[in-house]
Amino acid sequence: MAVRLVSADVPVIPARCRLQWEAAQQAYVILYPEGMVKLSASAGEIMKRIDGRASIAEVIRSLEQAFPGADLRADVIEFLNAAYARGWIEVPGR
Amino acid sequence: MQEDGSKSRAGSPLWLLAELTYRCPLHCVFCSNPVDYIRHGAELPTAAWLKVLREARELGAVQLGFSGGEPLTREDLETLVGQAHTLGYYTNLITSGVGLDEGRIARLREAGLDHIQLSFQDSTRELNDFLSHTRTFDLKLNLARLIKRHGYPMVLNVVLHRQNLDHIEQILDMAERLGVEYLELANTQYYGWAFLNRHHLLPTREQLRRAEEATRRFRERAGSSVKVYFVVPDYFERRPKPCMNGWGSVFMVVTADGIALPCHQARMLPGFEFPRVAEHDMRWIWYESPAFNRFRGFDWMREPCRTCAERFKDFGGCRCQAFLLTGDPADTDPVCDLSPEHYRVAEAVERAQGHSGGATAERPLTFRDDRNSRELSSR
């Protein structure tokens, strides 16, 4: 029943959620009605590239440019699938 | 999280609840406001709230609830929302809907309001209007549609108890029909007016079981289209809730008259002088005030909490519940069956099993209103 995202998908942060850098926590957080999730540094790097225009493949390419030498593909896909399941990202049309 | 109970180790607050007013057009029998709200002082003016918002944001608070009473009775709500949005808060309006119309929904959206949580008392007009002592059901239905149309996430809150638990399926259906994204089924917590009316609100085990079962079936059917939070009433648990994630850990409340509290209920606790936001800045209040440090960490605990492995998980439960049920806020929350006072909770639950729940001369149903509050204040 779980949807698997593919690299051509273009994810977007839904209107009910907001990604924001919080200096007090030194972390990105996702804010939603009466709740919040503090992201790890790597999750923050992924989420801040989700803008409703970049495909997952482009997000991965951007991360690999920022962190050369790392093979991030599997980790990014896994995180985005988890984020999708939790409603932090949506893919229009799905 | 602070591990040694010293104030220097306290983390920053994440949540600020602004209880803008104790005025409310509704008279709900389960209201969590203080029963003596009528005797509390004048409401904070706009400028004082703006200062509170600024200072709490500097400390790290990022989730902001506007509640009350009914926050819409404040004519400066749009101003406060605008400032909060500019400061970077995620802003939540917690409302009965009375005082809201399409114009105001749009103005609040423009000011930057992120979310409106609309409360219903029941899925039927009769019980909604009876429990709130107002004719508000049709208004709420209409507002739910308007809120959605204006692009807010749709969050519905229904407080559950003995009188409406049997309507759970209709409540779930209503939520689905309205297209809500989040449904909070909040079982009554017994504080304030709800504690006063506990006899009429505490459900039977069978009611709860059926409600949980109906919620489970609904989740299976509706999938992820509606997120349902079903908060089990802690009286039916064997371990206490991790109230506020620990005293002075992440949460702070500022009341209508400008007192800062570590939780909604704390102002009734004896032996405290809660700081006033007009006299202190929020940094001093959070980190330095004796009130916010009183139950921080673990050093204040008694047995059985003091040596219990679960103290890191539940922080000894709720200080206010301990006070309400045992008379001493430093006791273990009696919801815990390791507490020697647990029988007080168990007996209340037992008593709820048989009776018919109707109001009688000995046990009247006390609506939250100014007259009753005045009378309760004078006791």
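All of these numbers come straight from a predicted model, not from anything done at the bench.

A.B. asks: Help me understand the overall build of chain B in this model?
C.D. replies: The number of helices and strands found in chain B is 15 helices and 9 strands. Relative to the 2.2 N^0.38 estimate, which gives 21 Å for 379 residues, the radius of gyration of chain B is 20 Å and therefore close to what a compact globule would have.

A.B. asks: I tried to follow the nonpolar core on my own but got confused; where do I start?
C.D. replies: Residue and element names in this part refer to chain B. Of all hydrophobic cores here, the largest spans 124 residues; its most connected members are Leu16, Ala18, Phe30, Ile147, Leu156, Ala175 and Val180. Element by element, the count of residues in this core is highest for strand β5 (residues 154-160), at 6 residues. If we skip the residues at most four places from it in the chain, alanine 175 touches Leu156, Val180, Leu183 and Val226.

A.B. asks: Looking at this structure, I do not really get the sheet that holds strand β2 (residues 27-32) of chain A. What am I missing?
C.D. replies: Picture the strands of a sheet paired through backbone hydrogen bonds; they go either parallel or antiparallel. Residue and element names in this part refer to chain A. With antiparallel pairing, 3 strands are arranged side by side in an open sheet as β1-β2-β3. The outermost strands of the open sheet, each flanked by one partner alone, are β1 (18-22) and β3 (35-38). Along the sheet, successive strands turn relative to each other by an average axial angle of 30°, direction set aside.

A.B. asks: Any chance you could explain the interface of chain B and chain A here in plain terms?
C.D. replies: One widely used convention gives an interface's size as the accessible area the parts lose upon coming together. Between chain B and chain A, the residue contacts involve 15 residues of the former and 12 residues of the latter. At the level of secondary structure, the elements contributing two or more residues to the side of chain B that touches chain A comprise β3 (90-95) and β4 (115-120) of chain B. Here the residues of the side of chain B that touches chain A sort into 6 nonpolar, 8 polar and 1 charged.

A.B. asks: Sorry, what's going on with helix α2 (residues 77-87) of chain B here?
C.D. replies: Owing to its 3.6 residues per turn, the α-helix brings residues three or four apart onto one side. All names here are of chain B. If you check which residues of α2 are buried, you get Leu77, Leu80, Val81, Gln83 and Ala84. Looking straight down α2, one finds that the buried residues subtend no more than 165° of arc, so they occupy a single side. Residues of α2 that are buried sit in contact with α1 (46-59), β2 (63-67), β3 and α3 (102-111). Positive backbone phi, at 100°, marks glycine 88, one or two positions downstream of α2.

A.B. asks: Teacher, can you tell me more about the packing of helix α2 (residues 56-66) of chain A against helix α3 (residues 73-85) of chain A here?
C.D. replies: Axes are the key here: two packed helices are described by the angle between their axes and the distance separating the axes. Residue and element names in this part refer to chain A. Two numbers describe how α2 lies on α3: the axes approach to 10 Å, and their chain directions differ by 130°. When the interaxial angle is binned, α2 and α3 end up oblique. Remark: the crossing between α2 and α3 carries right-handed chirality. Mapping the contact onto sequence places Ile56, Val59, Ile60 and Leu63 in α2 and Arg73, Val76 and Leu80 in α3. Residue composition of the contact of α2 with α3, grouped by class: 6 nonpolar, no polar and 1 charged.

A.B. asks: What should I look at first to understand the pairing of β3(B) in this one?
C.D. replies: Side chains on a regular strand alternate between the two faces of the sheet. Residues and elements named next belong to chain B. In terms of burial, β3 is a largely internal element, 6 of the 6 residues being buried. Along β3, one buried face is formed by Tyr90, Asn92 and Ile94 and the opposite face, lined by Thr91, Leu93 and Thr95, is buried too. As paired elements, β2 and β3 share 4 bridges and run parallel to each other. Bridging from a neighbouring strand, phenylalanine 66 pairs with leucine 93 of β3. Between the parallel pair β2 and β3, the chain is carried across by α2, and the sense of this crossover is right-handed.

A.B. asks: I would appreciate a short explanation of the pairing of strand β1 (residues 15-19) of chain B in the present structure.
C.D. replies: Residues and elements named next belong to chain B. Of all the 5 residues making up β1, 5 are buried; the element is thus mostly covered by neighbouring parts of the structure. Of the two faces of β1, the one holding Trp15, Leu17 and Glu19 and the one holding Leu16 and Ala18 are both buried throughout. As defined by bridge partners, β1 adjoins β2 across 5 bridges and the pair is classed as parallel. Within the sheet, the bridge partner assigned to tryptophan 15 lies in β2 and is glutamine 63. Each parallel crossover has a hand, and the one from β1 via α1 to β2 is right-handed. Here β1 runs beside strand β8 (residues 251-254); their pairing, made up of 4 bridges, is parallel. When the sheet's bridge partners are listed, alanine 18 is paired in β8 with valine 254.

Rules used throughout
- Residues numbered from 1 in each chain as written.
- Chains lettered and ligands numbered in written order.
- Predicted model: local features only at pLDDT ≥ 70, side-chain atom pairs only at ≥ 80, totals over all residues.
- Helix = DSSP H or I, 4+ residues; strand = E, 2+ residues; numbered from the N terminus.
- Rg over C-alpha atoms; globule rule 2.2 N^0.38 Å.
- Core = buried A, V, L, I, M, F, W, Y, C linked by C-beta atoms within 7 Å.
- Buried ≥ 20, exposed ≤ 12 C-beta atoms within 10 Å, placed from the backbone.
- Contact = placed C-beta atoms within 7 Å.
- Pairing = 2+ DSSP bridges.
- Axes fitted to C-alpha atoms, helices over the stretch in contact; angles between N-to-C directions.
- Nonpolar A, V, L, I, M, F, W, Y, C, P; charged D, E, K, R; others polar.
- Arc of directions from axis to C-beta.
- Parallel < 35°, antiparallel > 145°, perpendicular 65-115°, else oblique.
- Left-handed = near helix turned anticlockwise from the far one by under 90°.
- Right-handed = clockwise from strand over helix to strand, strands pointing away.

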